[in-house]
Amino acid sequence: MKLSSSLIFTSSYLGAVSGFSSLPSVSKRTVSTLVAERPFTSSQIYQYATAPEGLVNVADIWSERDVYSMEQWATQYGMQKADGVELYSEDGGSDYSLMTNSGVAAGETVIWVPSSIVINSASVEQEFGAGCLQEVEAVLIQIDEFAAMKGTATDSYYRLPLFRLMVRLLAEWEKGQDSVYFPWLNSLPRQFFNGASMTKRCFECLPPYAGWLASTERTNYGHFNMALKQGYVPLNPETIMNREAVKWAYNVALTRFHEIWQPDRQKLIAPMADMLNHAAEHNCEISFDYEGNCQVTALYDIPAGSPLTISLGDPTNPTPIFAQYGFLPQDCATIFCKAMHLDKQIKELGYEFSELLIQTETGEIAPKVWDVFLYDLLQKSDPNSAQEFGMACQNDDESTKQYYLDQYYSYTLEALKEHVFGILESADKLTMRAQSYDLETHPRVPVIVAHNQLVIQTFTMTATLLQQMG
């Protein structure tokens, strides 16, 4: 596809956006006439020579990850690790993590990475120039505002630090072996299994909650890609039009950043520290000092032979981790109750998804799940009682809550049964559909099936419990 064709599509997409005047850095005219006035040419804002040799081949998903050269490189730049801390792989080199062969004491520094090789979203603006990023980020926000009108917004303003990391990664990638980060780039995975990497057919195999989270990541990547093609960033046009490279850079940024909030909000990637994997009961934590140096510290005594782990998300709800990182935690004790159809009621009660859980080992339902289903029933049958019950939930008035739960127990139980059996029927069909796909063309099937089977196993136990209740 020619570059101009892509830009014409993007310009027409942006042309429908209203309210551009609220973003002074890019006027309505600038956006709507972007194709005509700011085409990609080597004689204007891009004056690059032929791309250097030795680019990391991000399209080759079977390319070997050279993690040990990366470790040597990081050490040369000042990275330090405790004695006995080693890289290892349990699957022959597709995924790597860190472990300790000699044990680590509580409070001990496991890894230290100097700020000189930490990639920091806050420093990208200084490196590329505030003006250039201000323009492209204004376009990104406008794309998201237009998407909000169509119900597909992803809050790009909140994700601007992630966009900056992606741009920086692309800038380093296109330098090839001339980049100081080449050994690290060459150690990174080429294939991802998260929502941004899924296809439409993948989404057709996911339950609503997982599908919503995964498609949000995919939509966000699409908005980033669209903004990137407007030509404001100082990247080679061949890089910008390289779909595999852009998606790879997005996924690297999305799956390897660590966020801090002091002295201001930043997303950072620390080579070597980014090799730590997730665990619900993690034994390490990552921190950054005010100079940007990264420190990984042991939370408690870690015996020899143990993997070194951090938390990548809420351990009570594995589905967001699945959508962002592309794997299903094996040690999750709970999952969300999947009541996406009651999102309005959940918000009205002031509840969080992390409170509406089902135990994966027993199938037991959290009390607040009962609250949500009863609140929905009362809204349909008795609005005055719904208001009183809702206030009781918001104010932790347990006696009033219990009164309504007792009065409407049988109705709430039936509503929960209908929901649970519906989820089981749906998850079973979705899993059968996924298993019918060819793994060669749909390599994300195993993680999708694993997610659905966790839902089926958990909800089967829940169904048994509900049947026993009446």
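Not measured: the values here are computed from a predicted model.

Novice: When you look at the overall build of the protein in this model, what are you seeing that I'm missing?
Specialist: For the protein, the count of helices and strands is 19 helices and 13 strands. Out of the 470 residues belonging to the protein, those deemed buried represent 53%. Taking the intrachain contacts of the protein between residues at least 6 apart in sequence as the baseline, contacts between residues at least 24 apart amount to 73%. When the accessible surface of the protein is split by element, carbon and sulfur atoms take 51% of a total near 21,600 Å².

Novice: Which parts of the structure should I look at to understand the pairing of strand β7 (residues 266–269)?
Specialist: Each regular strand carries side chains that alternate between the two faces of the sheet. Both faces of β7 are covered, namely the face carrying Gln266 and Leu268 and the face carrying Lys267 and Ile269. Judged from the two bridges that link them, strand β5 (residues 119–120) and β7 form a sheet pairing that is antiparallel. Looking at the pairing, Ile119 lines up with Ile269 of β7. With three bridges joining them, strand β6 (residues 258–260) and β7 adopt antiparallel strand pairing.

Novice: Explanation requested: the nonpolar core in the structure shown.
Specialist: Buried together is how nonpolar side chains tend to be arranged in soluble globular proteins. Formed by 80 residues in total, the largest nonpolar core has its most connected members in Trp184 and Leu228. A per-element tally of this core places helix α7 (residues 160–173) first, with 10 residues. Residues Tyr404, Leu416, Ile423 and Phe459 belong to the second largest nonpolar core, which totals 56 residues.

Novice: What is the right way to look at the sheet that holds strand β3 (residues 97–100) in this model?
Specialist: Think of a sheet as strands paired side by side through backbone hydrogen bonds, with each pair either parallel or antiparallel. Pairing is mixed across the open sheet formed by four strands, whose spatial order is β2-β3-β11-β8. With partners counted over all chains shown, the strands left at the sheet margins are β2 (85–88) and β8 (277–278), one partner each.

Novice: How should I be thinking about the sheet that holds strand β10 (residues 294–298) in this particular structure?
Specialist: Across the sheet, four strands lie side by side as β1-β4-β10-β9; this open sheet has antiparallel pairing. Each edge of the open sheet is held by one strand with a lone partner, namely β1 (80–81) and β9 (284–288). Here β1 pairs with strand β4 (residues 109–113) via two bridges, running antiparallel. Paired with Lys81 across the strands is Ile111, a residue of β4.

Novice: What should I look at first to understand the pattern of salt bridges in this one?
Specialist: A side chain of one charge can pair with a side chain of the opposite charge if their charged atoms are brought near each other. All chains considered together, the criterion is met by 17 salt bridges. Its salt-bridge partner being Arg256, residue Asp274 comes within 2.6 Å of it at the nearest N-O pair. Here Arg256 lies in helix α12 (residues 243–256) and Asp274 lies in the loop between β7 and β8, a separation of 18 residues in the sequence. Neither residue differs from the other here; Asp274 and Arg256 are each classed as buried. A salt bridge links Lys267 to Glu259; the nearest nitrogen and oxygen atoms lie 3.0 Å apart. Residues Lys267 and Glu259 agree in their burial class; the two are buried. Where salt bridges share partners, they join Glu127, Arg168, Glu172 and Lys175 into one cluster.

Novice: Any chance you could explain helix α15 (residues 367–381) here in plain terms?
Specialist: Owing to its 3.6 residues per turn, the α-helix aligns residues three or four sequence positions apart on the same side. Spanning 15 residues, α15 covers 21 Å between terminal C-alpha atoms, matching the ideal 21 Å at 1.5 Å per step. Elements in contact with the buried residues of α15: α14 (343–349), β13 (357–359), α16 (383–394), α17 (398–407), α18 (409–435) and α19 (445–469).

Novice: Sorry, what's going on with the side chain of Asn220 here?
Specialist: Along the polypeptide, Asn220 turns up in helix α10 (residues 208–228). For Asn220, a relative accessible area of 0% puts it in the buried group. Among the polar contacts made by the side chain of Asn220, one reaches the side chain of Tyr250 at a distance of 2.9 Å.

Novice: Where do I start with the packing of aromatic side chains in this structure?
Specialist: Two aromatic rings are characterised by how far apart their centres lie and by the angle between their planes. Inspection of the entire model under this criterion finds 17 aromatic pairs. Ring geometry for Trp73 and Tyr77: centres 5.6 Å apart, planes at 50°, overall tilted. Each residue in the set Phe389, Tyr403, Tyr404, Tyr408 and Tyr411 is aromatic and connected to the rest through ring pairs, giving one cluster. Arg444 extends its terminal NZ or CZ atom over the ring of Phe193, reaching a point 5.9 Å from the ring centre.

Novice: I keep staring at unusual backbone geometry and nothing clicks. Help me out?
Specialist: Where the residue is not glycine, phi is negative for most of them; where a peptide bond is considered, it is trans in most cases. Despite not being glycine, Met272 has its phi angle at roughly 85°, a positive value. Examined against the element boundaries, Met272 turns out to sit in the loop between β7 and β8. Using a relative accessible area of 0% as the deciding quantity, one classes Met272 as buried. With phi around 70°, Lys338 is a residue other than glycine that occupies positive phi space. With respect to the element layout, Lys338 can be found in the loop between β12 (334–336) and α14. By relative accessible area, Lys338 is classed as buried at 7%.

Novice: Even after reading the chapter, I still don't get α17, so can you show me in this structure?
Specialist: Every buried residue of α17 is accounted for by Thr400, Lys401, Tyr404 and Leu405. Angularly, the buried residues of α17 cover 135° about the axis, an arc narrow enough to put them on a single face. Facing away from the buried side of α17 by over 90 degrees, the exposed positions are Ser399 and Asp406. Buried residues belonging to α17 abut α15, α16 and α18.

Novice: Sorry if this is basic, but what is going on with the pairing of β10 here?
Specialist: Counting buried positions along β10 yields four of five residues, so the element is predominantly enclosed. Of the pairings in the sheet, the one linking β4 to β10 comprises four bridges and is antiparallel in character. Bridge pairing links Ile111 to Val296 in β10. The pairing of β9 with β10 spans five bridges and is antiparallel.

Novice: Whenever I open this one, the packing of α18 against α19 confuses me. Can you help?
Specialist: A pair of packed helices is characterised by two quantities: the angle between their axes and the separation of those axes. With their axes 9 Å apart at the nearest point, α18 and α19 run at an angle of 155° to one another. Considered as vectors, α18 and α19 are oriented roughly antiparallel to each other. Judged by the twist between their axes, the crossing of α18 over α19 is left-handed. Grouping the constituent residues of the contact of α18 with α19 by class yields 19 nonpolar, eight polar and two charged.

Reading guide: rules and limits
Residues numbered from 1 in each chain as written. Predicted model: local features only at pLDDT ≥ 70, side-chain atom pairs only at ≥ 80, totals over all residues. Heavy atoms only, no water. Helix = DSSP H or I, 4+ residues; strand = E, 2+ residues; numbered from the N terminus. Buried < 20%, exposed > 50% of the residue type's maximum accessible area, 1.4 Å probe, protein only. Contact = heavy atoms within 4.5 Å. Areas by Shrake-Rupley, 256 points an atom, 1.4 Å probe, with all protein chains shown as cover. Pairing = 2+ DSSP bridges. Core = buried A, V, L, I, M, F, W, Y, C linked by side-chain atoms within 4.5 Å. Salt bridge = Lys/Arg side-chain N within 4 Å of Asp/Glu carboxyl O. Expected span 1.5 Å × (residues − 1). Polar contact = N/O pair within 3.5 Å; in protein donor to acceptor, adjacent residues only side chain to side chain. Phe/Tyr/Trp six-rings, centres within 6.5 Å; stacked < 30°, edge-to-face > 60°. Lys NZ or Arg CZ within 6 Å of the ring centre and 35° of its normal. Arc of directions from axis to C-beta. Axes fitted to C-alpha atoms, helices over the stretch in contact; angles between N-to-C directions. Parallel < 35°, antiparallel > 145°, perpendicular 65-115°, else oblique. Left-handed = near helix turned anticlockwise from the far one by under 90°. Nonpolar A, V, L, I, M, F, W, Y, C, P; charged D, E, K, R; others polar.

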